[in-house]
Amino acid sequence: MRTTFIDTLTEMAAADPRVTLVTGDLGFGVVQKFAERFPNQFVNAGVAEQNMTGLATGMALSGRIVFTYSIANFPTLRPLEQIRNDAAYHNANVVVVAVGGGMSYGAFGMTHHATEDIAILRSLPNMKVVAPGDPAETSAATKKVGSGIGPTYLRLGRAGEPMVHTGPIDWQLGKALTTRDGNDATIIATGAMLATAASAADQLTETHGLKVRVLSMHTIKPLDSDAVVKAAEETGTIVTLEEHSILGGLGGAVAEVLCEACVPGVKFQRIGLPSEYITEVGNQDYLREFHGLDVETVAAKLAALLQQQPSTKRLAA
Amino acid sequence: MKTNEELTELARRIRVHAVKMANRAGSCHVGSSFSMAEILSVLYGRIMNVRPEDPEADDRDRFVLSKGHACGALYSVLAECGFFPMEWLESFFQNGGRLPGHATAKGIPGIEVSTGSLGHGLPIATGMALAARRDKDPYRVYCVLSDGECDEGSNWEAAMFAPHHQLDNLIAIIDYNKIQSLGHVDDVLPLEPFTDKWVAFGWHVVEVDGHSIDELTSALQAIPQITGKPTCVIAHTVKGKGVDFMEDQLLWHYRTPRGEEYTAALAQLGEVA
């Protein structure tokens, strides 16, 4: 995704001199060509994310469209107050880009796991939250958020995410994309979990004969509540899938919509990470499997949910 | 060009408004507003290229009040210069009013940036100065910081960045009144050797008496004094300057002027309550 992102940004920078990239001294092998080609539109702020975000806001208030760029939590949680008070409050054209959403930097350890970012950024007024599902979505999303739509959080995977969409897509901010249709159940995925959702749906077709709808909820804020309610009404069962804490992210956002929509008899489950710091050591695939975010476990959880009778079981938040 | 007498009078009026606003509002930070009255008077009355009739002109100089809690002084100088009606000052801190207790840019002509949490202004001002440099815009960016907020690491991130990018269109002015929230700066977290710190970071530093119109003028009217270097004006000031019982008193970071204190403060400022 980061390669797609920088390629897209390069096209945009060539067409629009306002488009500016500010990195917090990260992006080795990714940003150099951009820096060489567009020296007037590139800044390395150094390992100083507070200043990076403040100065991005200052540049945006002076007419630029500024992308801040770093990995995991460095561009989000470290300068969170600069994002809140400076970029978001002023409705400035600052796009905060985090490469390595979820556990992309798996074995690097918990400091490099971005697993609460969606919940936190989603709570900020004016802030849009976008987590594209594959490289095609990354390209479309980058173009949109770089067109001057105000403060946005763009959460990317790292590298090597597979293409899920097989044909052209009509990517619109705040509109879910349907990658598989079906009426037996719905998996709503965000970010790089889209591929897992699609494979789990395929597997359930093979093993259970189920037609599972898969929605790429690439925009978590503003959420496509119409697509959520439609899925509830038409399929009756929804699971959300995210490489993020089950608190406050995609699952939380969908739960809010579902609860207030009062669609009768809907079964719903959030699949994500527990609210615990990850102490296991391993790469992204290993950690996903360990925490039940692999294709088999997701398919099994959805199959079990479909069998489950309404119960009084309660999960602690 | 305003005379020194006119700028002195503007500073006096800033203080009068600030104390009246605090009294009406039951608010505080009078001492913090008083210490930078001459700084604002010189900037708005003599130095900056700003026009109240066109507050968003492309070529305007930018002003960022990083010590947003002293907004009483900023609102006052803007009203005095005609950026918005004087009556707006009466809505400071009031339910349904326009002017909150920390500087806001929302709907207030002349205010570029909303501030209030310390350590935000200089990075934003640095971004504005960088954009101006990159876009070959002629404007300068002035940022007033408190001494206490120099505890914030974000300022030093910006302080390191600006000289590297040779932002000689950036001017940081420190209102060095020597008192911060819980005590004297020297007791809480000493900044000295303060000048040496800024010099070491690559800034051109000028120390002035922050209540001297002449010294502020000479420091600010020939920017940049050194090509390629941002300027830091360390303005030695007195918290609560202008009212003897407020001067150099931590209490007047917080206290609302009321009753006899209010009357006495106005009298010392040449006003009748």
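All figures in this text were calculated on a predicted structure; none of them were measured in a lab.

Description of the overall build of chain B
Along the backbone of chain B there are eleven helices and seven strands. Taking 273 residues into account, the globule formula puts the C-alpha radius of gyration at 19 Å, and chain B, at 17 Å, falls close to it. Along the first, second and third principal axes, the C-alpha atoms of chain B reach 50 × 45 × 35 Å. Residue burial in chain B is summarised as follows: out of 273 residues, 59% are buried. Relative to all contacts within chain B whose residues are 6 or more apart in sequence, the contacts with residues 24 or more apart total 75%. Working note: accessible area of chain B is about 10300 Å², and carbon and sulfur atoms make up 49% of it.

Considerations on the overall build of chain A
When its secondary structure is counted, chain A shows eleven helices and twelve strands. In terms of overall size, chain A behaves like a compact globule, its C-alpha atoms giving a radius of gyration of 19 Å where 317 residues would be expected to give roughly 20 Å. In terms of its C-alpha atoms, chain A occupies a principal-axis envelope of roughly 60 × 40 × 35 Å. Looking at chain A residue by residue over its 317 residues, the buried ones come to 59%. When the accessible area of chain A is evaluated, it comes to approximately 12500 Å², of which 52% is carbon and sulfur surface. Between the centroid of the 25 positive side chains of chain A and the centroid of its 32 negative side chains there is a distance of 4 Å.

Examining the sheet that holds strand β7 (residues 231-236) of chain B
Residues and elements named next belong to chain B. In spatial order, the strands read β1-β2-β3-β7-β6; together these five strands make up an open sheet with parallel pairing. Each having just a single partner strand, β1 (62-65) and β6 (204-209) make up the two edges of the open sheet. Taking the axes of each pair of neighbouring strands and ignoring which way they run, one obtains an average angle of 20° across the sheet. Relative to strand β2 (residues 141-146), β1 runs parallel, the two being bridged by four bridges. Residue L65 lies in a different strand from β2, and its bridge partner there is V144. Helix-sheet contacts for helix α5 (residues 121-134) involve β1, β2 and β3 (170-176), and the interaxial angle to β2 is about 170°.

As for the domain arrangement of chain A
All names here are of chain A. Once the domains are mapped, chain A shows domain 1 (1-156) and domain 2 (177-308). Placing a centre on the C-alpha atoms of domain 1 and another on those of domain 2 gives a separation of 26 Å. Of the residues lining the interface, 28 residues belong to domain 1; the matching set on domain 2 comes to 31 residues. Buried surface at the junction of domain 1 and domain 2, summed over both partners, amounts to about 2100 Å²; 60% is from carbon and sulfur atoms. Considering only the side of domain 1, the residues that lose the most area to domain 2 are M103, R122 and E137, jointly responsible for 32% of the buried surface there.

Regarding the nonpolar core
Ranked by size, the top nonpolar core spans 73 residues in total, and within it L122, L170, F194, W198 and W203 of chain B carry the most contacts. Considering each element in turn, this core owes the most residues, eight residues, to α5 of chain B. Inspection of this core shows a minimum of three residues originating in each of domain 1 (1-156) and domain 2 (177-308) of chain A. Once residues lying within four places of it in the same chain are set aside, the contact partners of F194 of chain B are C150, W156, I174, Y176 and I234 of chain B.

Some points on the pairing of strand β3 (residues 65-71) of chain A
All names here are of chain A. Buried residues dominate β3, accounting for seven of its seven residues. The alternating pattern of β3 places I65, F67, Y69 and I71 and V66, T68 and S70 on opposite faces, both of which are buried. One ladder, built from six bridges, connects β3 with strand β4 (residues 94-99); its direction is parallel. Residue pairing across strands places V66 opposite V94, the latter belonging to β4. Of the crossover connections in this fold, the one passing from β3 over helix α4 (residues 80-88) to the parallel β4 is right-handed.

Comments concerning the interface of chain B and chain A
If you look at the interface, chain B gives 23 residues, while chain A gives 24 residues. Here chain B packs against chain A, burying approximately 1900 Å² in sum over the two surfaces, 51% of which is carbon and sulfur. It is H120, R134 and E157 of chain B in chain B that bury the most area against chain A; as a group they hold 31% of the surface buried on that side. One can count one salt bridge joining chain B with chain A. Across the salt bridge formed by D135 of chain B and R64 of chain A, the nearest N and O atoms sit 2.6 Å from each other. Across the contact surface, chain B and chain A share 14 residue pairs in polar contact (both at pLDDT 80 or more). Listed by contribution, the elements that provide at least two residues to the side of chain B that touches chain A are α5 and α6 (153-164) of chain B. The dominant element in the side of chain B that touches chain A, judged by the number of residues it contributes, is α5 of chain B, at seven residues. Broken down by class, the residue content of the side of chain B that touches chain A amounts to ten nonpolar, eight polar and five charged.

The rules behind each value
Residues numbered from 1 in each chain as written. Chains lettered and ligands numbered in written order. Predicted model: local features only at pLDDT ≥ 70, side-chain atom pairs only at ≥ 80, totals over all residues. Heavy atoms only, no water. Helix = DSSP H or I, 4+ residues; strand = E, 2+ residues; numbered from the N terminus. Rg over C-alpha atoms; globule rule 2.2 N^0.38 Å. Buried < 20%, exposed > 50% of the residue type's maximum accessible area, 1.4 Å probe, protein only. Contact = heavy atoms within 4.5 Å. Areas by Shrake-Rupley, 256 points an atom, 1.4 Å probe, with all protein chains shown as cover. Lys, Arg positive; Asp, Glu negative; His and termini not counted. Charge placed at Lys NZ, Arg CZ, Asp CG, Glu CD. Pairing = 2+ DSSP bridges. Axes fitted to C-alpha atoms, helices over the stretch in contact; angles between N-to-C directions. Domains from an automatic or database assignment. Buried area = accessible area lost by both parts, 1.4 Å probe. Core = buried A, V, L, I, M, F, W, Y, C linked by side-chain atoms within 4.5 Å. Right-handed = clockwise from strand over helix to strand, strands pointing away. Salt bridge = Lys/Arg side-chain N within 4 Å of Asp/Glu carboxyl O. Polar contact = N/O pair within 3.5 Å; in protein donor to acceptor, adjacent residues only side chain to side chain. Nonpolar A, V, L, I, M, F, W, Y, C, P; charged D, E, K, R; others polar.

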